[in-house]
Amino acid sequence: MDATIAAEKCYSELALGKTEGMEETLNPLYELMSDHVVVQRKRLGGNMAIAQAVFSRNQRDNIRKIVGPNLVFVVLNMTEECQMKRIKARHGDNLPKELAEVFTKYAELCEPAGEDEEKAHNVTISEDMSKDDVVEKVLEIVKADAAYEYCEHPILYCIYSMK
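Bear in mind the structure is a predicted one, so any value in this text is a computation, not a measurement.

Chemist: Outline unusual backbone geometry, listing residues and values.
Modeler: Positioned with a positive phi, Lys 119 is a non-glycine residue whose angle comes to about 55°. Along the chain, Lys 119 falls in the loop between helix H5 (97–109) and strand S3 (120–124). Take Lys 119: its relative accessible area is 18%, and that puts it in the buried class.

Here's what the structure looks like:
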């Protein structure tokens, strides 16, 4: 419970432009979420896909330590213009400008997957790509990933970053 309260406060501070200490504040939440993924995977089995913003390589590495070697990260990269277009398509004109700015600030903090980062991939989303195009590209990457060949049930994390 403390981790979720701290994370909520952290996200509120992000809305005000405060980013100092975010990683340390969010780590306990990501640890709880990762533990939950492990429990549910044991309970349910099979493949899993988790959509969660994880903004640094360090956080991805920590999550990987908990979840295990079958974890594949896909970082969805896009320009701010592309992000705003997709947000507007999803929420229309009803989304407060301040909330859209929070999404942008958070995405700016997210690090793309490193070339040397094992089982982590970047997908660059362009404004002309449909949701189905993005899903198809992610599936291509997961199927091509060496982990997929050796792992019957991969776990997939999708996260966003700005390019």
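Chemist: Outline the pairing of strand S2 (residues 71–78), listing residues and values.
Modeler: Where burial is concerned, most of S2 is hidden: eight out of the eight residues are buried. Burial along S2 is two-sided: Leu 71, Phe 73, Val 75 and Asn 77 and Val 72, Val 74, Leu 76 and Met 78, pointing in opposite directions, are all buried. Two elements, S2 and S3, share five bridges in a ladder whose sense is parallel. Bridging from a neighbouring strand, Phe 73 pairs with Ala 120 of S3.

Chemist: Any details on the pattern of salt bridges? Residues and values, ideally.
Modeler: By the definition in use, this model includes seven salt bridges. Two residues, Lys 88 and Asp 93, come together in a salt bridge whose shortest N-O distance is 3.1 Å. With a relative accessible area of 65%, Asp 93 lands in the exposed category. What you see here is one network of salt bridges that share partners, running through Arg 57, Asp 61, Arg 64 and Asp 116.

Chemist: Outline the packing of helix H1 (residues 2–15) against H5, supporting the account with residue identities and numerical values.
Modeler: With their axes 9 Å apart at the nearest point, H1 and H5 run at an angle of 105° to one another. For the element pair H1 / H5, the angle class is roughly perpendicular. Side by side, H1 and H5 meet where Tyr 11, Leu 14 and Ala 15 of the first sit next to Val 102, Lys 105, Tyr 106 and Leu 109 of the second.

Chemist: Let's hear about the confidence of the model for the protein chain: which residues, and what values?
Modeler: Across the protein chain, the average pLDDT comes to 82, with 88% of residues at or above 70. Confidence, expressed as mean pLDDT per element, reaches its minimum in the protein chain at helix H7 (residues 146–150) with 50 and its maximum at helix H3 (residues 57–67) with 93.

Chemist: Could you give an account of the environment of Thr 4, with specific residues and numbers?
Modeler: Considering the arrangement of structural elements, one finds Thr 4 in helix H1. Under the relative-accessibility criterion, Thr 4 is labelled partly exposed at 37%. Remark: the alpha-carbon pair of Thr 4 and Leu 29, spanning 25 residues in sequence, is separated by 6.2 Å.

About the thresholds
Residues numbered from 1 in each chain as written. Predicted model: local features only at pLDDT ≥ 70, side-chain atom pairs only at ≥ 80, totals over all residues. Heavy atoms only, no water. Helix = DSSP H or I, 4+ residues; strand = E, 2+ residues; numbered from the N terminus. Buried < 20%, exposed > 50% of the residue type's maximum accessible area, 1.4 Å probe, protein only. Pairing = 2+ DSSP bridges. Salt bridge = Lys/Arg side-chain N within 4 Å of Asp/Glu carboxyl O. Axes fitted to C-alpha atoms, helices over the stretch in contact; angles between N-to-C directions. Parallel < 35°, antiparallel > 145°, perpendicular 65-115°, else oblique. Contact = heavy atoms within 4.5 Å. pLDDT = per-residue confidence, 0-100.

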